Amino acid sequence: MKFVIKVKGGIVEYNGEPFREIIDKEAARTVTEAKQIKKRFLKKYNECDIEVKECFNGKWKVIAL
């Protein structure tokens, strides 16, 4: 299994298009490792959105941990 944990900040404009700013990103191989990374990001970036994605059949989907 593959997991990616992202910390998203405010909105940034690039070429007139609004994008969400990614402050920090880390990869994990197990559910336990993904939970630990999410917990660490929650302590460090408590005001930001944290998104956990898992790779299902080559497609990334947001999951709740």
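Residues numbered from 1 in each chain as written. Predicted model: local features only at pLDDT ≥ 70, side-chain atom pairs only at ≥ 80, totals over all residues. Heavy atoms only, no water.

## With respect to the side chain of E51
Positionally, E51 belongs in strand β3 (residues 49–56). Not counting the four nearest positions on each side in its chain, E51 is found in contact with V4, I5, K6, K8 and V62. (Helix = DSSP H or I, 4+ residues; strand = E, 2+ residues; numbered from the N terminus. Contact = heavy atoms within 4.5 Å.)

## Here's the deal with the environment of K43
Structurally, K43 can be placed in helix α1 (residues 31–44). Measuring from C-alpha to C-alpha, the distance between K43 and N57 comes to 32 Å, with 14 residues separating the pair along the chain.

## Focus on α1
Between its first and last C-alpha, α1 extends 20 Å over 14 residues, near the 20 Å set by a 1.5 Å rise per residue. On its buried face, α1 is in contact with β1 (3–14), β2 (17–28) and β3. (Expected span 1.5 Å × (residues − 1).)

## Let's talk about the pattern of salt bridges
Pairs may arise between side chains of opposite charge once their charged atoms sit close together. Scanning the entire structure with this criterion turns up four salt bridges. Counted as one network, the salt bridges with shared partners bring together K8, E51 and K53. (Salt bridge = Lys/Arg side-chain N within 4 Å of Asp/Glu carboxyl O.)

## Considering unusual backbone geometry
Both trends apply: most residues other than glycine have a negative phi, and most peptide bonds are in trans. Its identity is not glycine, yet N15 carries a phi of approximately 55°, on the positive side. Given a relative accessible area of 68%, N15 falls into the exposed group. Although it is not a glycine, N57 adopts a positive phi angle of roughly 50°. The topology assignment puts N57 in the loop between β3 and β4 (59–63). (Buried < 20%, exposed > 50% of the residue type's maximum accessible area, 1.4 Å probe, protein only.)

## Considering the pairing of β4
Bridging between β3 and β4 involves five bridges; their strand directions are antiparallel. Each residue of the ladder has a partner; that of V52, found in β4, is I63. Between the end of β3 and the start of β4, which pair antiparallel, lie two residues, with N57 showing a positive phi angle near 50°. (Pairing = 2+ DSSP bridges.)

## Some details on the side chain of K6
Within the element layout of this structure, K6 appears in strand β1. Aside from chain neighbours lying at most four places away, what touches K6 is I22, D24, K25, D49, I50, E51 and K53.

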